[in-house]
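Examining the three-dimensional arrangement
So the chains spell out like this:
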Amino acid sequence: KAGVTQTPRYLIKTRGQQVTLSCSPISGHRSVSWYQQTPGQGLQFLFEYFSETQRNKGNFPGRFSGRQFSNSRSEMNVSTLELGDSALYLCASSLLTNRAFYNEQFFGPGTRLTVL
Amino acid sequence: GDSVTQMEGPVTLSEEAFLTINCTYTATGYPSLFWYVQYPGEGLQLLLKATKADDKGSNKGFEATYRKETTSFHLEKGSVQVSDSAVYFCALNSGGSNYKLTFGKGTLLTVNP
């Protein structure tokens, strides 16, 4: 079974630009979560989607947004990029259903975003 | 809110040494606890998990026991190998309608031959 895939793997942008990152979950997984990893702040939760609905959102500014499509693929968008947005962005998928219990999250390799 | 505190390291050991990485947590309710490992240039892989008090998670020689009384989930391995060199993250999920993982800062482990 193919794992979580993320594209692109590396991205270089300049301040003020916007960027879209893509995540394809494991087949059959309907929950997709996004995390930002930086040396200073560590791993921080951005948002989680299930059946095209955002259910949880982390403490990030509105410049960070996401969406999920009917095939469970997800994208996240960052507008008006700042130097501090340079990070590894990780996507994770889970079999989680709409029942309130936890399933294991499987992570992709991440997209390394550098903002110049 | 939820939080995880783990020893930040770095930790440097010789091959076949004993490993302990401490992890304590603060959470509402009855969280599930996890250890993830990240090898250079890769995403996170689940190493082991425990979903209720006194559960012991184990995988690839690593073990951790969910201790509710001390709110801890320390990672141990009896004999580390060079291939265990990686960053280890302790994490929790507090359940209910909260679907996110809360991570510790990570511990870099280097094992020398």
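The structure reproduced in this document is the subject of the present report. (Residues numbered from 1 in each chain as written. Chains lettered and ligands numbered in written order. Predicted model: local features only at pLDDT ≥ 70, side-chain atom pairs only at ≥ 80, totals over all residues. Heavy atoms only, no water.)

**Some words on the overall build of chain B**
- When its secondary structure is counted, chain B shows 0 helices and 12 strands.
- Relative to its length of 113 residues, chain B is compact, with a C-alpha radius of gyration of 14 Å against a globular reference of 13 Å.
- For chain B, the spread of C-alpha atoms along the three principal axes comes to 45 × 30 × 20 Å.
- Looking at chain B as a whole, 45% of its 113 residues qualify as buried.
- In chain B, once contacts between residues fewer than 6 apart in sequence are set aside, the share between residues at least 24 apart is 56%.
- Total accessible area on chain B is roughly 5200 Å²; 48% of this is exposed by carbon and sulfur atoms.
- Between the averaged position of the 9 positive side-chain charges in chain B and that of its 11 negative side-chain charges there is a distance of 7 Å. (Helix = DSSP H or I, 4+ residues; strand = E, 2+ residues; numbered from the N terminus. Rg over C-alpha atoms; globule rule 2.2 N^0.38 Å. Buried < 20%, exposed > 50% of the residue type's maximum accessible area, 1.4 Å probe, protein only. Contact = heavy atoms within 4.5 Å. Areas by Shrake-Rupley, 256 points an atom, 1.4 Å probe, with all protein chains shown as cover. Lys, Arg positive; Asp, Glu negative; His and termini not counted. Charge placed at Lys NZ, Arg CZ, Asp CG, Glu CD.)

**Quick notes on the pairing of strand 9 (residues 87-94) of chain A**
Residues and elements named next belong to chain A.
- Burial analysis of strand 9 places 8 of its 8 residues in the buried class, the great majority of the element.
- Across the two faces of strand 9 the burial is the same, with Ala-87, Tyr-89, Cys-91 and Ser-93 and Leu-88, Leu-90, Ala-92 and Ser-94 all buried.
- When strand 4 (residues 31-38) meets strand 9, the two strands line up antiparallel, connected through 7 bridges. Bridge pairing in strand 9 links Trp-34 to Cys-91.
- Judged from the 2 bridges that link them, strand 9 and strand 10 (residues 106-107) form a sheet pairing that is antiparallel. Counted as the bridge partner of Ser-93 is Phe-106 from strand 10. (Pairing = 2+ DSSP bridges.)

**Quick look at the sheet that holds strand 7 (residues 56-59) of chain B**
All names here are of chain B.
- One open sheet holds the 4 strands; their spatial order is 3-9-8-7, and the pairing between them is antiparallel. A single partner strand is all that each edge strand has here, and the edge strands are strand 3 (19-21) and strand 7. Ignoring strand direction, the axes of neighbouring strands in this sheet form an average angle of 15°.
- In terms of strand pairing, strand 7 meets strand 8 (residues 62-65) through 4 bridges, oriented antiparallel. Counted as the bridge partner of Asn-59 is Phe-62 from strand 8. (Axes fitted to C-alpha atoms, helices over the stretch in contact; angles between N-to-C directions.)

**Considering the interface of chain B and chain A**
- In this assembly, 20 residues from chain B lie in contact with 21 residues from chain A.
- Between chain B and chain A we count 0 salt bridges in total.
- In this assembly, chain B and chain A are joined by 4 residue pairs in polar contact (both at pLDDT 80 or more).
- Counting residues per element, the ones that place at least two in the side of chain B that touches chain A are strand 5 (32-38), strand 6 (44-50) and strand 10 (86-93) of chain B.
- Top element by residues in the side of chain B that touches chain A is strand 5 of chain B. It accounts for 4 residues.
- Grouping the constituent residues of the side of chain B that touches chain A by class yields 8 nonpolar, 8 polar and 4 charged. (Salt bridge = Lys/Arg side-chain N within 4 Å of Asp/Glu carboxyl O. Polar contact = N/O pair within 3.5 Å; in protein donor to acceptor, adjacent residues only side chain to side chain. Nonpolar A, V, L, I, M, F, W, Y, C, P; charged D, E, K, R; others polar.)

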